[in-house]
Amino acid sequence: MDDAWNNVELTNISRRKSYTLNHNYDATPKTTCNNNEEQETPKVATLPETKTDSEACLQPGSDIKPKVTNEDVESLLRRLYGISLGEIKPMLSYDDRNYLVTEDPNIKNPLIVSHSPHGYVLKILNSLDSKKEDVVDAQNQLMLYLSKQVKCPRPVANVNGKYYSVETLSGVDHIVRLLEYIPGKMLHEVPITNYLLYNCGEYLAQIVKNLKNFEHAAYNSHKSTWQLQSVPNLKEFVYVLSDVSRRALVEEIIETFQQKVLSQLGSYEMQIIHGDFNEQNIVVERFGANEQDYRVKGIIDFGDTNKSPILFEIGIALTYMVLQAKNLESGGIFLAGFETVCPLNAHLKQNLKYCVAARLAQSLVMGAYTHSLDPSNEYVLVTQEQGWKLIEELWHNTLDTIDDIWEAAADHYLKSSVK
């Protein structure tokens, strides 16, 4: 069987034999939060100087993915982190270049004080995000802060004691950083049970609570293509949809989202959010005697963290839960889990459906756009077939009733004898 991680095939570019990446996790109890406990408020980090406007978003026609050779990667690892390669494997991604790296165990590396037993992920950021050094610093500080409370990657300092550096590759500047690798199965690789949906809701709520007091000045002005605040920008990319009816559907969703949600942006509670709680970023582990029983173990990929309404965090996650469950009704079970930790008010809950529709539109349009630039990148089309089915069902058939459907599903699950 081919090695796989994060739902993509990994190509071995070393001379050594490859190995299976889906290792089991060590079982540890799930972290919980208490509303009455005072959480530590981290210090706001000093920001490095930015090179360009950190609010820049992707423009149509832009090809921002790094142009990198295997020799470039090996050189970066040796020079910046003192790593003598045991194995390196590229991982497909949207706009960045990511590589799973293991060290040669026979060569001592004094540059890394605490070695990660399962290896590292070398991340070479796209040329657009590489212009936002302050945001990368914010992401690193967030991971260091959150890793004290939940399982997530920790950045590794380079030879200069920094958590990232700017490197020129093929004539273009790219930010390079190294993260500890967290082995395990991803959500999309395991059976999607009702309990797992419920547990995903619980886990996300814990992340929301853990990040409540986290602040970094870079997030106050940071904007990106994947924030729900950027949904109106989709109008510039809908030309990639050849189906006229689908294009009209997306345009209608954009307009409605602006009227129903973005017009009320100031009325929602804001904080730093993960921004991409999806099946590719949720690490799970087995528990119990049943082979189909899994629970959330950790979370990866903090590239979309931003300051947004909590509504958007929930709406984005809810989108990916219904995509994995392949039905809209199951979203109610996820919400039941979330509300056991963080109850939601009626004003917020009534606008979740518009957030789900908007995120589906984002994923479908931007996936089609990115694929048009690189037809070999099938990773970006992972939500297309199921996504179009759900967005059409939600918008045309259940928009007026989905709130009741989710509430009924939550009530039924909570009243059942076994979660």
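Structural notes, computed from the coordinates. (Residues numbered from 1 in each chain as written. Predicted model: local features only at pLDDT ≥ 70, side-chain atom pairs only at ≥ 80, totals over all residues. Heavy atoms only, no water.)

## Topic: the overall build of the protein chain
A tally of helices and strands in the protein chain yields 10 helices and 13 strands. Taking all 419 residues of the protein chain together, the buried fraction comes to 54%. For the protein chain, the share of sequence-separated contacts (at least 6 apart) that also reach a separation of at least 24 residues comes to 79%. As displayed, the protein chain has an accessible area near 18,800 Å², and 46% of this comes from carbon and sulfur atoms. (Helix = DSSP H or I, 4+ residues; strand = E, 2+ residues; numbered from the N terminus. Buried < 20%, exposed > 50% of the residue type's maximum accessible area, 1.4 Å probe, protein only. Contact = heavy atoms within 4.5 Å. Areas by Shrake-Rupley, 256 points an atom, 1.4 Å probe, with all protein chains shown as cover.)

## Some details on the packing of helix H6 (residues 331–341) against helix H10 (residues 402–415)
Look at H6 against H10: their axes get within 7 Å of each other, and the N-to-C directions meet at 65 degrees. As H6 runs across H10, the sense of the crossing is right-handed. The residues of H10 that touch H6, namely those facing Gly 331, Gly 332, Ile 333, Leu 335 and Ala 336, are Trp 406, Ala 409, Ala 410, Tyr 413 and Leu 414. (Axes fitted to C-alpha atoms, helices over the stretch in contact; angles between N-to-C directions. Left-handed = near helix turned anticlockwise from the far one by under 90°.)

## A word on the sheet that holds strand S9 (residues 185–186)
One open sheet holds the three strands; their spatial order is S9-S11-S12, and the pairing between them is antiparallel. Each end of this open sheet is capped by a strand with a single partner; those strands are S9 and strand S12 (294–299). Of the pairings in the sheet, the one linking strand S11 (residues 282–286) to S12 comprises five bridges and is antiparallel in character. Looking at the pairing, Ile 282 lines up with Ile 299 of S12. (Pairing = 2+ DSSP bridges.)

## Digging into the nonpolar core
If you look at the biggest cluster of nonpolar residues, it comprises 93 residues, and the most contacted ones within it are Phe 257, Phe 277, Ile 282, Phe 312, Ile 314 and Phe 334. When residues of this core are assigned to their parent elements, the largest contribution, 13 residues, is made by helix H8 (residues 352–373). Apart from the residues lying within four places of it in its own chain, the contact partners of Phe 312 are Leu 228, Gln 229, Phe 257, Val 261, Leu 262, Leu 265, Ile 273 and Cys 355. Of all hydrophobic cores here, the second largest spans 18 residues; its members include Leu 77, Tyr 99, Leu 122 and Leu 178. (Core = buried A, V, L, I, M, F, W, Y, C linked by side-chain atoms within 4.5 Å.)

## A short note on the packing of helix H5 (residues 310–325) against H6
Running from N to C, H5 and H6 cross one another at 140 degrees; their axes reach a closest spacing of 9 Å. Here H5 lies oblique to H6, going by the angle between them. The two elements H5 and H6 cross, and the hand of that crossing is right-handed. Where H5 approaches H6, its residues Ile 314, Ala 317, Leu 318, Met 321 and Val 322 are matched on the opposing element by Gly 331, Phe 334, Leu 335 and Phe 338. Across the contact of H5 with H6, the residue classes tally to eight nonpolar, one polar and no charged. (Parallel < 35°, antiparallel > 145°, perpendicular 65-115°, else oblique. Nonpolar A, V, L, I, M, F, W, Y, C, P; charged D, E, K, R; others polar.)

## Focus on the pattern of salt bridges
Counting across every chain of the model gives 12 salt bridges. The closest approach of N and O atoms between Lys 132 and Asp 129, which form a salt bridge, is 3.8 Å. Given the relative accessible area of 2%, Lys 132 is considered buried. We note a salt bridge from Lys 307 to Glu 215, for which the minimum N-O separation is 3.8 Å. Of this pair, Lys 307 sits in strand S13 (residues 306–309) while Glu 215 sits in the loop between helix H3 (194–210) and helix H4 (244–260), and the two are 92 residues apart along the sequence. Judged by its relative accessible area of 33%, Glu 215 is partly exposed. (Salt bridge = Lys/Arg side-chain N within 4 Å of Asp/Glu carboxyl O.)

## Things to note about the side chain of Asn 98
Along the chain, Asn 98 falls in strand S4 (residues 97–103). One polar contact links Asn 98 to Lys 123, side chain to side chain, over a distance of 3.2 Å. Setting aside residues no more than four positions away along its own chain, Asn 98 makes contact with Lys 89, Pro 90, Met 91, Ser 93, Val 121, Leu 122, Lys 123 and Ile 124. (Polar contact = N/O pair within 3.5 Å; in protein donor to acceptor, adjacent residues only side chain to side chain.)

So yeah, pure geometry; function would need other evidence.
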